[in-house]
Amino acid sequence: MSAGAIRDKWDRIYSASTEDEPEAAEVLSNNAHLLPPSGDALDLACGLGGNALFLARRGFRVSAWDISPLALARITTLAGRSGLKVEAQARDVEAEPIPQVAFDVVVVSRFLARPLAGPIGGSLRPGGLLFYQTFVRGKLHPAGPGNPNYLLAENELLDLFAGLRVLFYREDGRVGDLTSGRRDEAYFVGQKR
Ligand SMILES: C[S@@+](CC[C@H](N)C(=O)[O-])C[C@H]1O[C@@H](n2cnc3c(N)ncnc32)[C@H](O)[C@@H]1O
């Protein structure tokens, strides 16, 4: 799909969504105790900016990048409503280079572009944290992409970010009682050494 088609698709989706403030991804909200007290943060492929707003509320200087101008306009409105500042930027993250050694915190939720793993890891400052959460191939429920190219293989986040120190990893897969647990996504927090 071309960048223009991706942008139009997500603009359409977001134009039909509610204007409520979105929640941060679980990987971030459940592991917020790992965050440094302040710094520069990036919400990559931020959508409506649940992660960006969460981090701005905690005092981070936040950049939020997405290909959908509509999503970014929504973030700016939501941030302004709460007296927060988020640097929301329309950006094709697969085409534009990611600045290196630039962030203390990077969050990626529900977005997977494997060629970006190196640049994402490289965008962290020493000691910086990557919070990553997205859908797995073995997911049980319809939410998330159908195309396996956009779904994680087993342990794939561990492989993609093998250069980082692992602080947290969860991937329940299809082990045990499938009526409970977190079956659809993998969750990773890693630290740049
Ligand atoms: C499933 S949504 C996830 C949004 C948000 N991170 C969340 O967890 O709610 C995927 C997002 O990736 C964005 N996206 C897709 N391709 C992109 C690209 N090449 N550059 C920037 N953003 C992109 C879409 O616009 C969309 O907002």
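Description of the structure in this document.

**Here's the deal with unusual backbone geometry**
Backbone geometry places A45, a non-glycine residue, at a positive phi of 55°. Counting through the fold element by element, A45 comes out in the loop between strand 1 (40–44) and helix 3 (50–57).

**Structural notes on the site of the ligand**
Near the ligand lie 15 residues; those nearest to it are Y14, A45, D66, D92 and S109. Here a nitrogen atom of the ligand sits 3.1 Å away from a polar atom, N or O, in the main chain of I67. With respect to the ligand, the side chain of D92 contributes an N or O atom lying 2.8 Å from a nitrogen atom. Surface burial for the ligand is 84%, taken as the share of its 590 Å² of free accessible area covered by protein chains. Looking at the shell around the ligand, the element that brings in the most residues is helix 1 (residues 3–15), giving three residues. Residues of the shell around the ligand, tallied by class, amount to eight nonpolar, two polar and five charged.

**Focus on the environment of D66**
With respect to the helices and strands, the residue D66 is situated in strand 2 (residues 61–66). Contact partners of D66, with chain neighbours within four places excluded, come to A45, C46, G47, L72, Q89, A90 and R91. Here C46 takes part through its backbone nitrogen, which lies 3.3 Å from a polar atom of the side chain of D66.

**Concerning the packing of helix 1 against helix 4 (residues 69–81)**
Where helix 1 meets helix 4, the closest approach of the two axes is 7 Å, and the angle between their N-to-C directions is 45°. Classed by the angle they form, the pair helix 1 and helix 4 counts as oblique. In this structure, helix 1 uses R7, D11, Y14 and S15 to contact helix 4, whose residues at the interface are P69, L70, A71 and R74. Partitioned by chemical class, the residues of the contact of helix 1 with helix 4 number four nonpolar, one polar and three charged.

**Digging into the sheet that holds strand 5 (residues 124–135)**
Read from one edge of the open sheet, seven strands run 3-2-1-4-5-7-6, paired in mixed fashion. Only two strands of the sheet have a single partner each, and these edge strands are strand 3 (86–90) and strand 6 (165–170). Looking at each pair of strands side by side, their axes are set apart by 15° on average, direction ignored. Note that strand 4 (residues 103–109) and strand 5 share six bridges and pair parallel. Following the sheet pairing, S109 is matched in strand 5 by Q133. This element, helix 4, spans strand 2 and strand 3 of the sheet and lies at about 170° to strand 3.

Thresholds, definitions, all that
Residues numbered from 1 in each chain as written. Predicted model: local features only at pLDDT ≥ 70, side-chain atom pairs only at ≥ 80, totals over all residues. Heavy atoms only, no water. Helix = DSSP H or I, 4+ residues; strand = E, 2+ residues; numbered from the N terminus. Near = heavy atom within 4 Å. Polar contact = N/O pair within 3.5 Å; in protein donor to acceptor, adjacent residues only side chain to side chain. Areas by Shrake-Rupley, 256 points an atom, 1.4 Å probe, with all protein chains shown as cover. Nonpolar A, V, L, I, M, F, W, Y, C, P; charged D, E, K, R; others polar. Contact = heavy atoms within 4.5 Å. Axes fitted to C-alpha atoms, helices over the stretch in contact; angles between N-to-C directions. Parallel < 35°, antiparallel > 145°, perpendicular 65-115°, else oblique. Pairing = 2+ DSSP bridges.

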